[in-house]
Amino acid sequence: MNGLGYEAPQSVEETVALLARENGAARILAGGTDLLAQMKTGAAAPQLLVDVKKVRELSSVEEDEAGFAIGAAVCTAALAEHPGLCAAWPGVVEAARLIGSEQIQGRASLGGNLCNGSPAADSVPALVAAGASCLIAGPGGERELPVEEVIVGPGSTCLEPDELLVSFRLGSGKAKRGDAYLRMIPRSEMDIAIVGAGVCIELDDFGVCHAARIGLGAVAPTPLRVDAAADALVGSRVDDAALEAVAAAASAAADPIDDKRGSAEYRRKVAGVLTRRAAKIALDRARGEQ
Amino acid sequence: MARRHVSTTINGEAVDFLCEPHQTLLDALRDELQLTGTKEGCGTGDCGACSVVFDGRLCCSCLILAPEAEGAEVETVEGIATGGELHPLQRHFLEEAALQCGICTPGFLVAAKALLDSNPDPSETEVRFALAGNLCRCTGYDKIIRAVLDSAAELRGEA
Ligand SMILES: Cc1cc2nc3c(=O)[nH]c(=O)nc-3n(C[C@H](O)[C@H](O)[C@H](O)COP(=O)(O)OP(=O)(O)OC[C@H]3O[C@@H](n4cnc5c(N)ncnc54)[C@H](O)[C@@H]3O)c2cc1C
Ligand code: FES
Ligand code: FES
């Protein structure tokens, strides 16, 4: 790490200019809970760290009629202190609050969780289910992408070296909509998910599901959006038959690895079980029962 | 590369130090400022021995770069006692034998104080979850949890 540079720019433009100047040798530093740990083990060796926590758009949560803009570098502990966000998107906040310990939550951001590119990143399936999009800035201006298109393989994203994730866009709070996230870890705290399932359900005035989105983590090289599972809910009252169909579709979509933390068969089964349970919680929230 | 100058506040006092840009806040506290109460267990965010409160939030100082401390407010274990008087948490840790080798103790104290500052009346489960980021290889945790609950009761004026 000798000769490492550190810059803390104040604006998006300045950040993009720094990244462009360094031509791939710079890395963005948000909470550092992935990056600094990787630098310690030698897995990452950037020449310049660009700390983005002083950039306003990345370090605040804004709410307007359209919904929320969550700064990519806001720590997860701060998300849980935002009453509007907790009320509108409880599933996103509960996923963010599963990332690491209290100490980790004092630093870890949603932007870092996504851009680190782990298939098991806890907030990603919840953000996919919530229909979040990413505002990305680069030398040519801004572009917006659905969350599920950002990670393209384990540890890699579609962002160019001179681009940065500015914020996540989420819709506003809405009656008859509920979201939820559940994960399975071999321990009770401080572990990496072997399956994560995010579900968002919208009901019409008659209690029939008219829209649903489902995200799955840790069961494929990237987090997945599973439309086949969501389709099993749409048009139903989210009764037992629909919940069984959701579980079957989620298990079928899972293509997990086999390792000491869980066999592929087990992960596939758990993907179904957790998706069904998360759907039930999302349903209760949509009905205003939780 | 030139050493970097950092102005920060530690336990309420303005402090200036020089550091290498790759040093962590943990390195700067221990090696530049001789505040060796903060310990290094793992260096990768897993053990909590290096816990500090950074701009009001509990964090691992091994995952903060020293230059990030510019303009920040840092609270370390050295700031927990007032003058010569131990904080109730420190006293209960001693009286109830909540430590053996002691390497984890500063981190537990900082994390437990952060918990009690925001939640003066935690349940046992809440204490266990709040301290899940602090590892202890000696005590088996029970005495630590009890010392924290007893300190909380004392601070609420119930003991
Ligand atoms: C002890 C411990 C426990 C953990 N537990 C969990 C867990 O339970 N679940 C989980 O999902 N993760 C866990 N993690 C991993 C990590 O904490 C999370 O992935 C966290 O959200 C990363 O956020 P960060 O702000 O710290 O990212 P950083 O480390 O700052 O950045 C991560 C990567 O993303 C890039 N990046 C960051 N921000 C941007 C941006 N705005 N634009 C472009 N690129 C960017 C960085 O360059 C880097 O490559 C754990 C880590 C530790 C150390
Ligand atoms: S030394 Fe920082 S968490 Fe272990
Ligand atoms: S007392 Fe030895 S590690 Fe906790």
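Look a little higher up for the structure.
For the structure given in this document, a descriptive report is provided here.

### Overview of the site of ligand 1
Logical step 1: By nearness alone, 33 residues border ligand 1, and Ile-28, Thr-33, Asp-34, Ser-109 and Asp-122 of chain A come closest of all.
Logical step 2: Residues near ligand 1 are shared among chains A and B, making this a multi-chain site.
Logical step 3: Within the backbone of Gly-32 of chain A, an N or O atom sits 2.8 Å from an oxygen atom of ligand 1.
Logical step 4: For ligand 1, a nitrogen atom lies 2.6 Å from a polar atom in the side chain of Asp-122 of chain A.
Logical step 5: Every element with two or more residues in the shell around ligand 1 is listed here: β2 (26–29), α7 (110–115) and β10 (164–171) of chain A.

### What to know about the interface of chain A and chain B
Logical step 1: Taken residue by residue, the interface counts 28 residues in chain A and 28 residues in chain B.
Logical step 2: Surface buried jointly by chain A and chain B totals about 2200 Å² across both partners, of which 61% is contributed by carbon and sulfur atoms.
Logical step 3: Broken down residue by residue, the surface that chain A buries against chain B is led by Tyr-6, Gln-103 and Arg-107 of chain A, which jointly contribute 31%.
Logical step 4: At the junction of chain A and chain B, the tally comes to four salt bridges.
Logical step 5: One salt bridge connects Glu-68 of chain B with Arg-107 of chain A, and the closest N-O pair in it is separated by 2.6 Å.
Logical step 6: In this structure, the connection of chain A to chain B is made through seven residue pairs in polar contact (both at pLDDT 80 or more).
Logical step 7: Here the side of chain A that touches chain B is built from residues that sort into twelve nonpolar, nine polar and seven charged.

### Details of helix α11 (residues 264–286) of chain A
Logical step 1: Taking 1.5 Å per residue as the helical rise, α11 of chain A with its 23 residues ought to reach 33 Å, and the 32 Å between its terminal C-alpha atoms agrees with that figure.
Logical step 2: Looking one or two residues past α11 of chain A, Gly-288 of chain A carries a phi angle of roughly 75°, positive in sign.

### Here we look at the sheet that holds β10 of chain A
Residue and element names in this part refer to chain A.
Logical step 1: Strand order in the open sheet formed by five strands is β4-β5-β10-β6-β7, with antiparallel pairing between adjacent strands. At either end of the open sheet lies a strand with only one pairing partner, and these are β4 (61–64) and β7 (141–146). Each strand of the sheet is rotated relative to its neighbour by a mean of 20°, with strand direction disregarded.
Logical step 2: Two strands pair when backbone bridges link them, and strand β6 (residues 133–138) and β10 are joined in this way by five bridges, in the antiparallel orientation. Note that in β10 the partner of Ala-137 across the bridge is Leu-164.

### Concerning helix α2 (residues 88–95) of chain B
Residues that lie three or four places apart on an α-helix share one face, since the helix turns once every 3.6 residues.
Residue and element names in this part refer to chain B.
Logical step 1: Of the positions making up α2, those classed as buried are Pro-88, Leu-89, Gln-90, His-92 and Phe-93.
Logical step 2: As for α2, its buried residues are in contact with α3 (105–118) and α5 (142–155).
Logical step 3: Ala-97 sits one or two residues past α2 and shows a positive phi near 55°.

### Structural notes on the side chain of His-87 of chain B
Residues and elements named next belong to chain B.
Logical step 1: Along the chain, the position of His-87 falls in the loop between β5 (73–75) and α2.
Logical step 2: Given a relative accessible area of 13%, His-87 falls into the buried group.
Logical step 3: Leaving out residues up to four positions away in the same chain, His-87 has contacts with Ile-80, Ala-81, Lys-113 and Leu-155.

### Side note on unusual backbone geometry
Logical step 1: The backbone phi angle of Asn-23 of chain A is positive, close to 55°, even though this residue is not glycine.
Logical step 2: Inspection of the secondary structure puts Asn-23 of chain A in the loop between α1 (12–22) and β2.
Logical step 3: The phi torsion at Gln-34 of chain B lies on the positive side, around 55°, for a residue other than glycine.
Logical step 4: Within the fold, Gln-34 of chain B resides in the loop between α1 (25–32) and β3 (51–54).

Reading guide: rules and limits
- Residues numbered from 1 in each chain as written.
- Chains lettered and ligands numbered in written order.
- Predicted model: local features only at pLDDT ≥ 70, side-chain atom pairs only at ≥ 80, totals over all residues.
- Heavy atoms only, no water.
- Near = heavy atom within 4 Å.
- Polar contact = N/O pair within 3.5 Å; in protein donor to acceptor, adjacent residues only side chain to side chain.
- Helix = DSSP H or I, 4+ residues; strand = E, 2+ residues; numbered from the N terminus.
- Contact = heavy atoms within 4.5 Å.
- Buried area = accessible area lost by both parts, 1.4 Å probe.
- Salt bridge = Lys/Arg side-chain N within 4 Å of Asp/Glu carboxyl O.
- Nonpolar A, V, L, I, M, F, W, Y, C, P; charged D, E, K, R; others polar.
- Expected span 1.5 Å × (residues − 1).
- Pairing = 2+ DSSP bridges.
- Axes fitted to C-alpha atoms, helices over the stretch in contact; angles between N-to-C directions.
- Buried < 20%, exposed > 50% of the residue type's maximum accessible area, 1.4 Å probe, protein only.

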